[in-house]
Amino acid sequence: IAALSERLRRAETTAAEQTAQIVATEATLRAILNGAGDPIVVFDENEYIVEANERAVEYLGVAREELIGQRLRAYLFDDGALPHKFADLRARGQAQTQEIALPVSGQERAVDLVARSFVRDGTSYYIVLLRDLTDQKNVEDTSRLLAARLEKLNTDLRQLDAHKADFMRSIASGIRTPLSAVAGYVDMLLDEDLGELNPDQSKALQTCRRGLGR
């Protein structure tokens, strides 16, 4: 009886130590999760959330007690492809997709979803990291819009340059013909082909010729 009691005492002590180790391990893991800057949730094979860090609670706008037990897809926009994506995750054990998160606030957020599977006590679980891409998406959308506007402006400028060139060619052609005729007669007068010139006439014609050249 004494030996049996000793064994029971040792078993209880070992169990208590193991329990303390588990508690300490869980506390350490929770501290690690809460120290992460991105939202992290853990869900089981049926997609029910079993764990979430403080950033996930803040990001989704749900108290941890309410978040635990909810299905993850309740906080993701489903365009009909979510069941296939979760099935692929279960088959492959990992996945990375871009999704639309639906926080309780109602403001849709673009996220990069990275998921990995792990096994605990013979049960499969999945840890999911949500990296917010909303600001990046907004910058990309703004950049694309600005690039499109810039391309439109460049196209308009090229068309304007083409119109300007056509206009200048038209004006040059329209002016050159009559001016050439005038310049030809002025040259004839200066060469005195049509008669002698007095100094004042010659000076006036030279001034006119310079103006025609300009």
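First, a word on what this report is: a plain description of the structure on this page. Computed from a predicted structure; not experimentally measured.

## Some thoughts on the environment of K137
Turning to step 1, where the next piece is worked out: With respect to the element layout, K137 can be found in helix α5 (residues 134-190).
Turning to step 2, where the next piece is worked out: Overall, the relative accessible area of 29% leaves K137 in the partly exposed class.
Turning to step 3, where the next piece is worked out: Between the C-alpha atoms of K137 and V111, which are 26 residues apart in sequence, the distance is 9.6 Å.
Turning to step 4, where the next piece is worked out: Excluding its chain neighbours within four sequence positions, the residues that come into contact with K137 are Q98 and A110.

## With respect to the nonpolar core
Turning to step 1, where the next piece is worked out: Counting 24 residues, the largest nonpolar core has V41, F43, L67, L72, F86, L89 and V128 as its most contacted members.
Turning to step 2, where the next piece is worked out: It is helix α2 (residues 54-60) that provides the largest number of residues to this core, a total of four residues.

## Describing the pattern of salt bridges
Turning to step 1, where the next piece is worked out: If you walk through the whole model with that rule in mind, you get twelve salt bridges.
Turning to step 2, where the next piece is worked out: Where D132 meets R109, a salt bridge forms, and the shortest distance between an N and an O atom there is 3.0 Å. Taken as a pair, D132 in strand β5 (residues 123-132) and R109 in strand β4 (residues 109-120) lie far apart in primary sequence, 23 residues in all.
Turning to step 3, where the next piece is worked out: On the basis of relative accessibility, which here comes to 19%, the residue R109 falls in the buried class.

## Concerning empty space enclosed by the protein
Turning to step 1, where the next piece is worked out: The full count for this structure, using the stated rule, is one cavity of 30 Å³ or more.
Turning to step 2, where the next piece is worked out: By volume, the largest cavity is sized at about 90 Å³.
Turning to step 3, where the next piece is worked out: Surrounding the largest cavity, L76, L82, K85, F86, L89, A95, T97, E99 and L113 form its lining.
Turning to step 4, where the next piece is worked out: Looking at which element gives the most residues to the lining of the largest cavity, the answer is helix α4 (residues 82-92), with four residues.
Turning to step 5, where the next piece is worked out: Residue classes in the lining of the largest cavity are distributed as six nonpolar, one polar and two charged.

Procedures and definitions
- Within each chain, residue numbers correspond to sequence positions counted from 1 in written order.
- With pLDDT at 70 or above as the cut-off, local features in this predicted model cover only qualifying residues; side-chain atom pairs require 80 or more to be listed or tallied, and sums for whole chains, interfaces and linings still use all residues.
- The side-chain values count all of the structure's non-hydrogen atoms but skip hydrogen atoms and water molecules.
- Note on conventions: DSSP H or I runs of at least 4 residues are helices, E runs of at least 2 residues are strands, and numbering of each starts at the N terminus.
- For every residue, the accessible area (1.4 Å probe, protein chains only) is compared with the maximum for its type, and the residue is labelled buried under 20%, exposed over 50%, or partly exposed between those bounds.
- The contact criterion used throughout is that any non-hydrogen atoms of two residues lie within 4.5 Å.
- As used in this record, nonpolar core signifies buried Ala, Val, Leu, Ile, Met, Phe, Trp, Tyr and Cys residues forming a set joined through side-chain atoms within 4.5 Å.
- Salt bridges are defined by distance alone: a side-chain nitrogen of Lys or Arg within 4 Å of a carboxyl oxygen of Asp or Glu.
- A cavity here means a set of 1 Å grid points, computed over protein atoms only, where a 1.4 Å probe fits but cannot escape. A pocket is an open set with protein on both sides within 12 Å along at least 5 of 7 lines, and lining residues have an atom within 4 Å of a point.
- Grid points are joined across faces, edges and corners, and a volume is the space filled by probe spheres set on the points.
- Residues are grouped as follows: Ala, Val, Leu, Ile, Met, Phe, Trp, Tyr, Cys and Pro are nonpolar; Asp, Glu, Lys and Arg are charged; all remaining types, including Gly, are polar.

Everything listed here is a matter of geometry and, on its own, says nothing about what the molecule does.
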